[in-house]
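Coordinates in review
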Amino acid sequence: MESVVSELEGTLLKDYDPFSYFMLVAFEASGLIRFALLLILWPLIQLLNMVGMRDTGLKVMIFVAVAGVPKSEIESVARAVLPKFYMDDLDMDAWKVFSSYDKRVVVTKTPRIMVERFVKEHLRADEVIGSELSFNRFGLATGLVQGDSINTISERVAKIFNNEAPTLGMARHSTTSSSSYDSVFQLCKEQIQPPFKTNQKYNHPHELLRPHPVIFHDGRLVKRPTPATSLLILLWLPLGILLAIIRIMVGSILPFWAIPHISRLFGGKVIVKGKPPPPPSGRNSGVLFVCTHRTLMDPVVLSSVLQRKIPAVTYSISRLSEILSPIPTVRLTRTRHVDAEKIKRELSKGDLVVCPEGTTCREPFLLRFSALFAELTDRIVPVAMNYRVGFFHATTARGWKGLDPIFFFMNPRPVYEVTFLNQLPVEATCSSGKSPHDVANYVQRILGATLGFECTNFTRKDKYRVLAGNDGSVSCTSLVDRIMKVVSTFKPFLQ
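Residues numbered from 1 in each chain as written. Predicted model: local features only at pLDDT ≥ 70, side-chain atom pairs only at ≥ 80, totals over all residues. Heavy atoms only, no water.

1. What about empty space enclosed by the protein?
Formally: Points on a 1 Å grid, built from protein atoms alone, make a cavity when a 1.4 Å probe fits but cannot get out and make a pocket when they are open with protein on both sides within 12 Å along at least 5 of 7 lines; residues with an atom within 4 Å of a point are the lining residues. Grid points are joined across faces, edges and corners, and a volume is the space filled by probe spheres set on the points. Gly falls in the polar group here, along with every residue not listed as nonpolar (Ala, Val, Leu, Ile, Met, Phe, Trp, Tyr, Cys, Pro) or charged (Asp, Glu, Lys, Arg).
Throughout the structure, instances matching the rule amount to one cavity of 30 Å³ or more. Considering only enclosed or pocket space, the largest cavity measures out at about 60 Å³ in volume. Taken together, I215, F216, H217, D218, T360, C361, R362, T395, T396, A397, K463 and L467 form the lining of the largest cavity. Along the lines of polarity and charge, the residues of the lining of the largest cavity split into five nonpolar, four polar and three charged.

2. What about the pattern of salt bridges?
Quick note on the threshold: The working definition used for a salt bridge is a side-chain nitrogen of Lys or Arg within 4 Å of a carboxyl oxygen of Asp or Glu. Each helix is a run of DSSP H or I of at least 4 residues and each strand a run of E of at least 2, with the numbering of both proceeding from the N terminus. Remark: exposure states derive from per-residue accessible area (1.4 Å probe, protein chains only) relative to the maximum for the residue type, with buried under 20%, exposed over 50%, and partly exposed in between.
Under the defined criterion, the tally for this structure stands at 19 salt bridges. Salt-bridge contacts for E116 lead to R112; the nearest nitrogen and oxygen are separated by 2.5 Å. Linking E116 with R112, this pair stays in helix α9 (residues 112-121), spanning four residues, or about one helical turn. Using a relative accessible area of 22% as the deciding quantity, one classes E116 as partly exposed. R362 serves as the salt-bridge partner of D218, at 3.7 Å between the closest nitrogen and oxygen. Within this pair, whereas D218 is found in the loop between β7 (190-192) and α12 (227-253), its partner R362 is found in the loop between β12 (352-354) and β13 (365-366), the two being separated by 144 residues in sequence. Judged by its relative accessible area of 2%, D218 is buried. Owing to a relative accessible area of 13%, R362 belongs among the buried residues under this scheme. Each of R112, E116, K120, E132 and R156 takes part in one network of salt bridges that share partners.

3. Looking at the pairing of strand β4 (residues 132-135)
Where we set the bar: A strand pair is defined by DSSP finding two or more bridges across the two strands.
Pairing of β4 with strand β5 (residues 141-146), which is carried by three bridges, proceeds in the antiparallel orientation. For E132, the partnering residue across the bridge sits in β5 and is Q146. The antiparallel hairpin formed by β4 and β5 contains five residues in its connecting segment, where G139 sits at a positive phi of about 80°.

4. Observations concerning the packing of aromatic side chains
The cut-off we apply is this: Whether two aromatic rings pair depends on their centres lying within 6.5 Å, for rings of Phe, Tyr and Trp, where Trp uses its six-membered ring; planes under 30 degrees apart make the pair stacked, over 60 edge-to-face, and the rest tilted. Placement of a positive charge over a ring is assigned whenever Lys NZ or Arg CZ falls within 6 Å of the ring centre and within 35 degrees of the normal to the ring plane.
In total, this model carries eleven aromatic pairs according to the counting rule given. Aromatic side chains F27 and F35 sit 5.2 Å apart centroid to centroid with 75° between the ring planes, which places their arrangement in the edge-to-face category. Per residue, the accessibility class of F27 equals that of F35, and both read buried. Ring pairs connect the aromatic residues W236, F391, F392 and F407, which therefore count as one cluster. Above the face of the F135 ring, K71 is positioned so that its terminal group lies 5.4 Å from the ring centre.

Structure (structure tokens):
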């Protein structure tokens, strides 16, 4: 059996410096204060690296990023946030070499808890060897690590291979002995260093075509927080909060026909393609706009484009979002016959917006469409929604959804794209004898083709199991529970 041992930083990942990933942990698991503190210490960490004390600089990063943070929070960030950024930094040439071997082991200087999920699930490695964070009896990280010495790592590699030499070792060249894993990779029969050529002999016919994609991810930051990006975020934050307040106030006061024009003055932009249908008239029931679901703002943007308030079907948005919403909302119960009656009743009054995915997805994938909408009307207009933001994501699975619209409007130049497709012909609806699932799948396919997205069978439950460790069900909670959840939102600013 052929085997490979590869260094993560600087080899499988293009960037050898893990600083930005510790910044992500600091921001997502703790909050803004720890995020700013770690950035302030960046010059000191760089100085330690320059004088050959890389191990000390790494320990400073680890301590500041995680000391006092619950283990569950670190695991949550490693599960829901980090894989997306690791994947974006992946060196595909290195991956092709790495994936061509039968047994794959990754060595990292980052604590194992941060990288194990990504390396095993997405890079399909068999083992991960890294330092171990220590936790106290209350489950809080002490900020100290164990098993990070070169000798300890070499012994663990040898033990995995039963003291037999691995076939190949992949590691970057390092002139600093304290940061090098030379003793580890000397165990291998052969060693190679980046850059890796795709046509070299290490590419085997049975190599995997690509890593397992990251379909679901969470966290508020859009870009990996390098020192420069982190500084820009901190400088923008006060102005962004002020801009979000102004945008929300202006949007709630102005009539809908004026919003697309005024939004340009505040940096927003809405791109409209296709021809929207006219407003309902006479005895005809309303049109059901079936939209892809990217953010909470989808039905609001659609209403502004159509220049009239169109009710939107909702399920799990917060009460604050309902209060701030400039359009009527229809809250579903997930009880099929009850929800069907609600939707029919609203369609008898006029147009309605529905997002049959049931939840948002940030990546270029469409989740499975619920077939309920196809059973209730044959006046279906598919609408492809997409958006672009620069700093902050406007969706969350782990955090408080009430802040979603605020984070959206905190972006300097949010852009929305709305593409109206033609109303489905009668022969493509249930009226012609097609099953609701066939109609739903057809609508998903044409919307996916319009956006260039891949259609999947994943559902809301799949997303929440990955990101939040639950099935995403919304239950009624007591007033005390809601107050506690609001208080926990401000936890990052109190630590």
